[in-house]
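# Summary of the model geometry
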Amino acid sequence: MMADLMPQFIVDIWEWILALFFSLPPLVQYLTIVTWKILFVTIGVILIVAFSTYFERKVIGSMQGRIGPNRVGPLGLGQPFADVIKLLIKEVVVPSQSNKFLFVIAPLLTLIPALAAWAVIPLNDWYVIADIDAGLLYVLALTSIGVYGVILAGWATNSKYAFLGAMRSAAQIVAYEIAMGFALVGILMAAGSLNIGDIVRAQAGGFTNWFLLPLLPLFLVYWISGVAETNRAPFDVAEGESEIVAGFHVEYSGVAFAVFFLAEYANMVLISTLTAIFFLGGWASPFEGLAFLAPFGELPVIGWIVSGGFPWLFIKMAFFMYTFFWLRATFPRYRYDQIMRLGWKVFIPVTIVWIVVEGVFAWFEIGPWAGLTG
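Read on for a plain summary of the structure. (Residues numbered from 1 in each chain as written. Predicted model: local features only at pLDDT ≥ 70, side-chain atom pairs only at ≥ 80, totals over all residues. Heavy atoms only, no water.)

This brings us to a nonpolar patch on the surface. Together, F9, I10, I13, W14, W16, I17, L18, L20 and F22 give the surface a local cluster of nonpolar side chains, amounting to about 960 Å² of exposed area. Tracing the backbone shows W14 in helix α2 (residues 8–22). Since its relative accessible area comes to 53%, W14 is described here as exposed. (Patch = residues over 30% accessible without salt bridge, like charges linked within 9 Å, V, L, I, M, F, W, Y side chains within 5 Å. Areas by Shrake-Rupley, 256 points an atom, 1.4 Å probe, with all protein chains shown as cover. Salt bridge = Lys/Arg side-chain N within 4 Å of Asp/Glu carboxyl O. Helix = DSSP H or I, 4+ residues; strand = E, 2+ residues; numbered from the N terminus. Buried < 20%, exposed > 50% of the residue type's maximum accessible area, 1.4 Å probe, protein only.)

See below:
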């Protein structure tokens, strides 16, 4: 059908490309497919990050009675590109007494794990770069590496302000990383698999099968811990301008600062996507399992509304991104002792208790464990 609507020369070029591709050795075909998948995901994440800055300023502006970006391009949509150009042409100042190698490496240690984690995240039931069985462990390991970039950034600059901000941020990240890890143990118990695709498929059948309700305490712990781990308001004490200037990246400028900026928003997108996958069924539609809607699942354009697909994952991710912006516009910054108390004395005990509750649910076959034998 589509071939009939295209000009003949485009059809000929496409057929030539396919013939060339299938003439390649199997290993080269595999590497080509993986490379294109990586490019698609990486470019998509970077574009989402760029326009997240625009929508954040628009959302917060609307909540606070301001206009937001409206000068660069129609409706201000060119503002993210203007920001990129500004950061690219600014001078990168390297402190004379700093460790120059670590000073350069630190921003990359925060960004690369946020992008590498997407290798095991399925965008729908067939699109995933690496469908590995230990995907949950892979994500947990990579999200824990970012703290090294924060520590090195504060130490390498040889600045007491930056080092103090790095220590506070690292302690905060470690505290909430433990709570997130325990929350993922609950996900593992509910899904019975470390494969992220299997975790989504375990929630198939409509919103009543999602892990949101049976694991509600773990959902709240995981989401709030994700906000704290990304150093976003109201947990942004590492960047409290009234206290310690700008935190661990106070000496960074230009492209180096842009990498930190990109890493923060890339981590926001990652946490939002993982929360949607672990607790809201990922790409699954909330209308799955409704018999009277089943015929609409076969429609070519709107079938995803019933049968599920990437649009549902994007909608859920966008909702959590909006929540990031909402929290920043609403809540005042917590004191540092309040943040640490919440992580160590509240979230970690709650997750441990709920893991025990899950064990009871599994024993009596309640919720996600219904229908199990033995």
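For the rest of this paragraph, the subject is the packing of helix α9 (residues 216–229) against helix α11 (residues 254–279). Orientation of α9 relative to α11, taken along the N-to-C sense of each, is 170°, at an axis distance of 10 Å. Comparing their axes, α11 and α9 come out roughly antiparallel. On α11, the residues that touch L218, F219, Y222, W223 and G226 of α9 are I271, S272, L274, T275, F278 and F279. Taken together, the residues that form the contact of α9 with α11 break down as 8 nonpolar, 3 polar and no charged. (Axes fitted to C-alpha atoms, helices over the stretch in contact; angles between N-to-C directions. Parallel < 35°, antiparallel > 145°, perpendicular 65-115°, else oblique. Contact = heavy atoms within 4.5 Å. Nonpolar A, V, L, I, M, F, W, Y, C, P; charged D, E, K, R; others polar.)

Attention now moves to the nonpolar core. Counting residues in hydrophobic clusters, the biggest one holds 69 residues, and the most contacted among them are W118, Y222, F278, F279 and F324. Every residue in contact with Y222, bar those within four places of it in the chain, is listed here: M180, A183, L184, L274, T275, F278 and F279. Of all hydrophobic cores here, the second largest spans 14 residues; its members include A106, V150, Y252 and F260. (Core = buried A, V, L, I, M, F, W, Y, C linked by side-chain atoms within 4.5 Å.)

In this section: the environment of A263. Here A263 shows up in helix α11. Along the chain, A263 and G146 lie 117 residues apart, while their C-alpha atoms are 9.1 Å from each other. If sequence neighbours within four positions are ignored, A263 has contacts with T110 and L111.

Looking now at helix α13 (residues 310–330). For an α-helix the count is 3.6 residues per turn, leaving residues at separations of three or four pointing the same way. The end-to-end C-alpha distance of α13, which contains 21 residues, comes to 30 Å, matching closely the 30 Å that a straight helix rising 1.5 Å per residue would cover. Among the residues of α13, those classed as buried are W312, L313, K316, M317, F320, M321, T323, F324, F325 and L327. At its buried positions, α13 is contacted by α3 (26–63), α9, α11 and α12 (304–307). (Expected span 1.5 Å × (residues − 1).)

Our focus in this paragraph is helix α5 (residues 100–116). Relative to the 24 Å expected for 17 residues at 1.5 Å per residue, α5 spans 25 Å between its end C-alpha atoms, a close match to the ideal helical length. Residues of α5 that are buried include every one of L102, F103, A106, P107, T110, L111, P113 and A114, and no others. Buried positions along α5 lie against α6 (135–156) and α11.

Overall, the coordinates contain 8 salt bridges when judged by the stated rule. In this structure, R57 and D83 form a salt bridge, with 3.3 Å as the shortest nitrogen-oxygen distance. With R57 in helix α3 and D83 in helix α4 (residues 79–89), this residue pair connects regions lying 26 residues apart in the sequence. The exposure class of R57 is partly exposed, given its relative accessible area of 37%. We note a salt bridge from R333 to D236, for which the minimum N-O separation is 3.0 Å. Taken together, the residues R333 in the loop between α13 and α14 (336–363) and D236 in the loop between α9 and α10 (241–244) connect sequence positions 97 residues apart. R333 sits in the partly exposed class, given a relative accessible area of 32%. Overall, D236 belongs to the buried group, its relative accessible area being 15%.

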